[in-house]
Each structure stands twice: as C-alpha cells, then as structure tokens.
Amino acid sequence: MLRTSASRVLDDNDREEVLALLDSDPVANVFVASRVRTVGLNPARLGGQMWGFGQRGGLVSLCYAGANLVPVNAGQEAVLAFADRARKQGRRCSSIVGPADAVSLLWERLEPHWGRARAIRWAQPVMAMSGRPKVAPDPLVRRVRPEEFEILLPACVAMFTEEVGVSPNGGDGGALYRTRVSELIRIGRSYARIDDGKVVFKAEIGAVTPQACQIQGVWVDPALRGQGHAAAGMAAVVDAALACFAPIVSLYVNDFNHAARAVYRKVGFREVDTFMSVLF
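Participant: In this structure, what is going on with the overall build of the protein? I would like to understand it.
Facilitator: Helix and strand counts for the protein stand at 9 helices and 12 strands. By the compact-globule yardstick of 19 Å for 280 residues, the protein fits well, its C-alpha radius of gyration being 19 Å. Projected onto its principal axes, the C-alpha positions of the protein cover 60 × 35 × 35 Å. In the protein, buried positions account for 51% of the 280 residues. For the protein, contacts bridging at least 24 residues in sequence account for 69% of all contacts bridging at least 6.

Quick look at the structure:
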C-alpha cells in the first residue's frame, strides 16, 4: 500500500510559493490563482482552506477546499493525502472540479464516504486561445450596466439551470447567486447583447490573473439559437478579454456539448486539457 505524507492547511506565509505553483499552469489553475491573488490564503477571506502537499519551500501540490474542491498539480500521493483530509472533514463543497486524472482518483476515494453524486461530468475539454478571433465579433455585445441587473438575471438563472441541472435559487433563495451576478456586472466582467430589453447572448469573465482569464456562463436565448449569435458573441467577449484582462482566454465545456465545442473551435479556441466535475 502506498504510504502518503499528510497535507497541511496553508496561510498567507505560503502565498508566494502557492502563486509560483499556480502560475506553472496558468490556464488550468486560473480559478484558484484568481482567488489567491484577490484575497490571499486566510480562510476567512478565501472562503475556505488551501491545502498543501509538501514542506514549506518544497510545495508540490495544492487543493482549494471551499465551495468547490479543486486539486492543483496533484499526483497520486497528493490526491490520497487530500482525500484523507476531505474524508475526515466531511463534504462541505457543492462540486469537485479540476484535471480529470486527479478528480477521478479523488472521487474514487471519497465516494464511499460522501455517497452518490447528483451528476458526474467525466470529460470537460479545457479550451484556450491567445490570438484574435477567427470570426467577426458582434458589435452589439458590450459590458452590462448595473441598472440592467434585473434584465440579465433571468438569463443567468436559465443558463445555470440548463448547465448544472438545478436552479441557483434553491437553498438561500438565490441570494448568493444574485450577489455573484451583481458583482461581475459591477467590476465590468459581464457581457451581453441586449435587444429591446431582452438578452440575446451573454457571457462572463469569471476568473482573471495576469496570465489568463476564464469565460463562463455562455448562453444564447433558446429561441435565437442557430443564428450565429454564439460565435459572434464569443468573438466579442474574447476581444474584450484580450484587450482588458489577460493574454490568454480560456473556458471549459462538457464533452457532449458538440454544438458549443464547434462554436468555440470556429472562434479560434483549441483543446489544451481535460477537466472532470462531480456535482452534488
């Protein structure tokens, strides 16, 4: 049986070493790196803990343990250590997400203790691009204004429900989700085409670091799909992201969403990695 060293909870004293490890793969690690750069490693600000594998000065792997459980650069020994800590702590996350090999092993160890997942997305291609889009951007896609929150929110709820399989309005009545949508608008990372008070296309830039950013929440009004809004809208968001946020734009998508993958390839994205998500 493989013997593992224990993981440890990191703090702000580990920040520079953590960022160096995260920056070694800026696309795969953009979500966690964005959180650390924004709020540091203090659990109260981070909204969870950052677990490390390896001694200070020799950090090998990480695992963000907040609303999501996200392994970073985690080989077998690190995954086993993180799984042991997660098992002892009990499930506090709504999903496990990250590189497919690590998440698969993590879930193999946790499933007997945490029980069945609501859904498993076994393969989610990670896609990225750094050049101008290959299709013309929609000139009507722009930053959403704060006063348009109530116009945008129903589209965000529809996207989340379609993508995740449950409404974000459960539990707390949608308060946390409304706060997140409002915050992305406030900081200028929510984009949409709004015609006559109705959202045609929308997407957000959910995570940003100096090296990369990640698009999320891509949605087109179902009545208007198949008319080119997705490709032109994504081209506009990519242009904005490259101009305002980072030199690499990324996203990840379910492998069975062939239409979306075709749109992203048309815009200029290419597959660079594979994620897996376990949803509770």
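Participant: In this structure, what is going on with the side chain of D138? I would like to understand it.
Facilitator: Summarising the element assignment, D138 is placed in the loop between strand 6 (119–129) and strand 7 (142–143). Taking relative accessible area as the criterion, D138 reaches 7% and is therefore assigned buried. A polar atom in the side chain of D138 sits 2.8 Å from the backbone nitrogen of L140. Filtering out sequence-adjacent residues up to four positions away, D138 remains in contact with R193, A232, G233 and A236.

Participant: Explanation requested: the nonpolar core in the structure shown.
Facilitator: A general feature of soluble globular proteins is that nonpolar side chains tend to end up buried together. Counting residues in hydrophobic clusters, the biggest one holds 29 residues, and the most contacted among them are I215 and F269. Going through the elements one at a time, strand 6, strand 9 (198–208), strand 10 (213–220), helix 8 (229–244), strand 11 (249–252) and helix 9 (258–267) are the ones with two or more residues in this core. With 8 residues, the top contributor of residues to this core is helix 8. Not counting the four nearest positions on each side in its chain, I215 is found in contact with A203, E204, I205, M234, V237, V238, V249, S250, L251 and F269. Ranked by size, the runner-up nonpolar core spans 26 residues in total, among them V79, A83, C93 and I96.

Participant: What is the right way to look at the pairing of strand 11 in this model?
Facilitator: Sheet topology note: the strand 6/strand 11 ladder contains 4 bridges and is antiparallel. By the bridge assignment for strand 11, A128 is matched with S250. Following the backbone out of strand 10, through helix 8 and into the adjacent parallel strand 11, one traces a crossover that is right-handed.

Participant: So what exactly am I meant to see when it comes to helix 7 (residues 175–186) here?
Facilitator: For an α-helix, the turn length of 3.6 residues means that residues three or four places apart are oriented alike. For helix 7, with 12 residues, the first-to-last C-alpha span of 16 Å sits near the 16 Å given by 1.5 Å per residue. Listed in full, the buried residues belonging to helix 7 are Y177, V181, L184 and I185. End-on, the buried residues of helix 7 take up no more than an arc of 105°, which puts them together on one face. When the buried face of helix 7 is taken as reference, the exposed residues oriented beyond 90 degrees from it are L176, T179 and R186. Positive backbone phi, approximately 75°, marks G188, located one or two places after helix 7.

Participant: Where do I start with helix 5 (residues 100–114) in this structure?
Facilitator: At E108, helix 5 is bent by approximately 35°, the largest bend along its length, and proline P112 sits one to four residues beyond. Restricting attention to buried positions, one finds in helix 5 the residues A100, A102, V103, L105, L106, W107, L110 and W114. Contacts made by the buried residues of helix 5 are with strand 4 (68–72), helix 4 (76–89), strand 5 (95–99), strand 6 and strand 12 (270–279). Taken from the residues just after helix 5, G115 is the one with a positive phi, measuring 85°.

Participant: Any chance you could explain the packing of helix 8 against helix 9 here in plain terms?
Facilitator: Geometry of a packed helix pair, given as the angle between the helix axes and the separation of the axes. With their axes 9 Å apart at the nearest point, helix 8 and helix 9 run at an angle of 50° to one another. The orientation of helix 8 relative to helix 9 falls into the category oblique. Note on packing geometry: the crossing formed by helix 8 with helix 9 is right-handed. Here A230, A231, M234, A235 and V238 of helix 8 lie close against helix 9, whose contacting residues are V263, Y264, K266 and V267.

Participant: Where do I start with unusual backbone geometry in this structure?
Facilitator: Glycine aside, negative phi is the norm for most residues, and most peptide bonds take the trans geometry. A positive phi is found at N73, a non-glycine position, where the angle reads about 50°. By secondary structure assignment, the location of N73 is in the loop between strand 4 and helix 4. In the Ramachandran plot, D196 falls in the positive-phi region, its phi being about 50° despite a non-glycine side chain. Residue placement: D196 occurs in the loop between strand 8 (190–195) and strand 9. Residue D196 is classed as exposed on the basis of its relative accessible area, which comes to 85%.

Definitions and cut-offs
Residues numbered from 1 in each chain as written. Predicted model: local features only at pLDDT ≥ 70, side-chain atom pairs only at ≥ 80, totals over all residues. Heavy atoms only, no water. Helix = DSSP H or I, 4+ residues; strand = E, 2+ residues; numbered from the N terminus. Rg over C-alpha atoms; globule rule 2.2 N^0.38 Å. Buried < 20%, exposed > 50% of the residue type's maximum accessible area, 1.4 Å probe, protein only. Contact = heavy atoms within 4.5 Å. Polar contact = N/O pair within 3.5 Å; in protein donor to acceptor, adjacent residues only side chain to side chain. Core = buried A, V, L, I, M, F, W, Y, C linked by side-chain atoms within 4.5 Å. Pairing = 2+ DSSP bridges. Right-handed = clockwise from strand over helix to strand, strands pointing away. Expected span 1.5 Å × (residues − 1). Arc of directions from axis to C-beta. Bend = angle between axes of the 7 residues up to and from the residue. Axes fitted to C-alpha atoms, helices over the stretch in contact; angles between N-to-C directions. Parallel < 35°, antiparallel > 145°, perpendicular 65-115°, else oblique. Left-handed = near helix turned anticlockwise from the far one by under 90°.

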